[in-house]
Every structure is written in C-alpha cells, then in structure tokens.
Amino acid sequence: MIGFYDYTVVLTYLSMISATTGIMLCLNDIGHPYLGMFFLMFCGLCDAFDGKVARTKKDRTEQMKKFGIQIDSLSDLVAFGVLPACIGIAMLRSSIEFSIFPDFKFLHLADKPAITKILLTATAVLYALAAMIRLAYFNVTEEERQGTEGGSRKVFTGLPVTSAAVVFPVILLIHIFCKADLTLLYFVFLAVVGFLFVSRIQVKKPSTRGILLLIGIGVVEAAVLAYVFIVMRRQ
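Keep in mind that what you see is a predicted model, and the values were worked out from it rather than measured.

Thresholds, definitions, all that
- Residues numbered from 1 in each chain as written.
- Predicted model: local features only at pLDDT ≥ 70, side-chain atom pairs only at ≥ 80, totals over all residues.
- Heavy atoms only, no water.
- Phe/Tyr/Trp six-rings, centres within 6.5 Å; stacked < 30°, edge-to-face > 60°.
- Buried < 20%, exposed > 50% of the residue type's maximum accessible area, 1.4 Å probe, protein only.
- Patch = residues over 30% accessible without salt bridge, like charges linked within 9 Å, V, L, I, M, F, W, Y side chains within 5 Å.
- Areas by Shrake-Rupley, 256 points an atom, 1.4 Å probe, with all protein chains shown as cover.
- Salt bridge = Lys/Arg side-chain N within 4 Å of Asp/Glu carboxyl O.
- Helix = DSSP H or I, 4+ residues; strand = E, 2+ residues; numbered from the N terminus.
- Expected span 1.5 Å × (residues − 1).
- Bend = angle between axes of the 7 residues up to and from the residue.
- Contact = heavy atoms within 4.5 Å.
- Polar contact = N/O pair within 3.5 Å; in protein donor to acceptor, adjacent residues only side chain to side chain.
- Disulfide = S-S within 2.5 Å.

S.K.: Just give me the short version of the packing of aromatic side chains, but keep the residues and values in it.
M.R.: Scanning the entire structure with this criterion turns up 7 aromatic pairs. Measuring from ring centre to ring centre gives 6.3 Å for Y5 and Y13, while their planes differ by 50°; the resulting arrangement is tilted. Given a relative accessible area of 28%, Y13 falls into the partly exposed group. Seen from their ring centres, Y186 and F187 are 6.2 Å apart, and the 80° between their planes marks the pair as edge-to-face.

S.K.: Go over a nonpolar patch on the surface with me, naming the residues and quoting the values.
M.R.: Residues Y7, V10, L14, I17, F42, L45, F49 and L212 make up a contiguous nonpolar surface patch of roughly 680 Å² in combined accessible area. Elements that contribute at least two residues to the nonpolar patch include exactly helix 1 (10-27) and helix 2 (35-55). Residue position: I17 is located in helix 1. The class for I17 is exposed, based on a relative accessible area of 52%.

S.K.: Report on helix 3 (residues 62-91), specifying residues and quantitative values.
M.R.: Look at helix 3: 43 Å from first C-alpha to last across 30 residues, which is about the 44 Å you get at 1.5 Å a residue. Its axis deflected by about 30° at V82, helix 3 carries its strongest bend there, up to four residues before the proline P84.

S.K.: Can you explain the side chain of S18? Please cite residues and give values.
M.R.: When you line up the elements, S18 lands in helix 1. Classification of S18 by relative accessible area gives buried; the value is 5%. Setting aside residues up to four positions removed in sequence, S18 forms contacts with F39, F42 and C43.

S.K.: Any details on the pattern of salt bridges? Residues and values, ideally.
M.R.: In total, this model carries 1 salt bridge according to the counting rule given. Among the salt bridges present, the one from K57 reaches D59, with a minimum N-O distance of 3.2 Å. What makes D59 exposed here is its relative accessible area of 55%.

S.K.: Which residues make up the environment of T8, and what values do they have?
M.R.: As for its position among the elements, T8 is in the segment before helix 1. What makes T8 buried here is its relative accessible area of 8%. Once the C-alpha coordinates of T8 and D50 are considered, the two residues, 42 residues apart in sequence, prove to be 7.2 Å apart. In this view, T8 contacts D50, V53, A54, K57 and R60; residues no more than four positions away in its chain are not counted. At a separation of 2.4 Å, a polar atom in the side chain of T8 contacts the side chain of D6.

S.K.: Explain the environment of K154 to me, using residue names and the numbers behind them.
M.R.: Residue placement: K154 occurs in the loop between helix 4 (114-148) and strand 3 (155-157). Residues K154 and V203, 49 residues apart in the sequence, show an inter-C-alpha distance of 8.8 Å. K154 has contacts with K204 and K205, leaving out every residue within four places of it along the chain.

S.K.: Which residues make up the state of the cysteines, and what values do they have?
M.R.: Applying the stated criterion across every chain yields a total of 0 disulfides. Cysteine C43 is unpaired, with the sulfur of C46 as its nearest cysteine sulfur at 6.5 Å. Using a relative accessible area of 0% as the deciding quantity, one classes C43 as buried. This cysteine, C86, is not joined by any disulfide, and C26 carries the nearest cysteine sulfur, 6.5 Å off. Taking relative accessible area as the criterion, C86 reaches 10% and is therefore assigned buried.

What follows is the structure, given as structure tokens:
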C-alpha cells in the first residue's frame, strides 16, 4: 500500500477520522449539530501532540517527513476549516430550547428567509476558503523559511486554523447560560476568525505551557458540554 502507517501519523489519521465523523453527524439526522463540537475539540487535542510525537522518531526519511507535513495540512483543512463551517450550516436548521435552566430540549427551527440562508451559507463557504488559503500560505512560507533559517518558527502570520478548536465551542458555552438563538453569533465568529486566518496579524507560537493551558481550556469546555448534554438533557 502507498502511504506510511507507523505511530508518527496515528494522531493525524485519528484527527481526520474525527473530523469526518463530525461532519457526517452535522449534515445528517444522526445527531444534533452541536455534537460536532466534541469531534472538533478532539481534533484540536490530536493536533496539539501530532508534531511532537512525529519528532520522537529519529530515523524518519525525508519522504516520511514531507508526507507528515502534507497529511497534517490536509487533515487541518477538514477538521478546522470544513467541520466548523458544517456545524454552522447545521445550526441553520436546529438549535436548543431552554425551559428552566439547566433543563433543555433540542428544537428544530422554522425555515429562515432565503436571503438569510444564502448569506450565512456564503459566510461558511468563505470561512473554509480562508482556512485553505491560510494553510497553503503557511506551507509555502514555512518551506522557504526552513531552507534559509532552520529550526522551529517562533511567530505565525495570521491566526492558526487550529484555534477553531477553542474558539467555536465558546458559542455553545454561552448558549448554555442564555435563552437566545446564537446561530447568527456563530456565523459572526466564522466571519471574524476566517478574516484573521488570512490577515497579517502576528501570533506568537505557544510554548509547551501555553499548549497545556489551551488543552486545559478545551478539557473544561468538553466537560461542561458533556455534563449538560448527557446528564441534564431532557429525556
């Protein structure tokens, strides 16, 4: 078979599987669109360690290294570009209705005006496009940088796409504590984050401590969401 299948690529493959599962759940009636958030956060967890795991193998060939770089970017596009967009599209047809906090039930929304659907769908598509541009630009500039500097990058130009795993679950956490329909707010976040992907803002690469902090935030988000959806969901 073509490709590589050692332990250095396992986390990237798991991220891709998670992202694809989340997309399927969002675009079909198998589960509620917010379930995609759990798969998004799992993708973020895999991405936090895939590079570190890959670098532990000292005898990787140049072909293995380049393969790892390519599948990482392709997986990131699906996980942090397409999946968040699909979650937004799914939110156009389904939301959450609260009665007395924290009791709630899933609610299928009435059809929104056609122009609203078109504009919000366009926002989701442009978000995914921005993620693709960000990843491709990073790959090109990183290859050039390594050819002249070597070592690891200290500063990113543009917001890294992996930030989606921390940013978008915040919408659902806000929703837990209010009764408003936050679908439009989610699409505002898509537009802002998508713009930041392709902007020239400088983002310092997080240290190991920073990565652990982000993972901690993600774990707290996942724990709160799991508690509400599993323990407090109205039967």
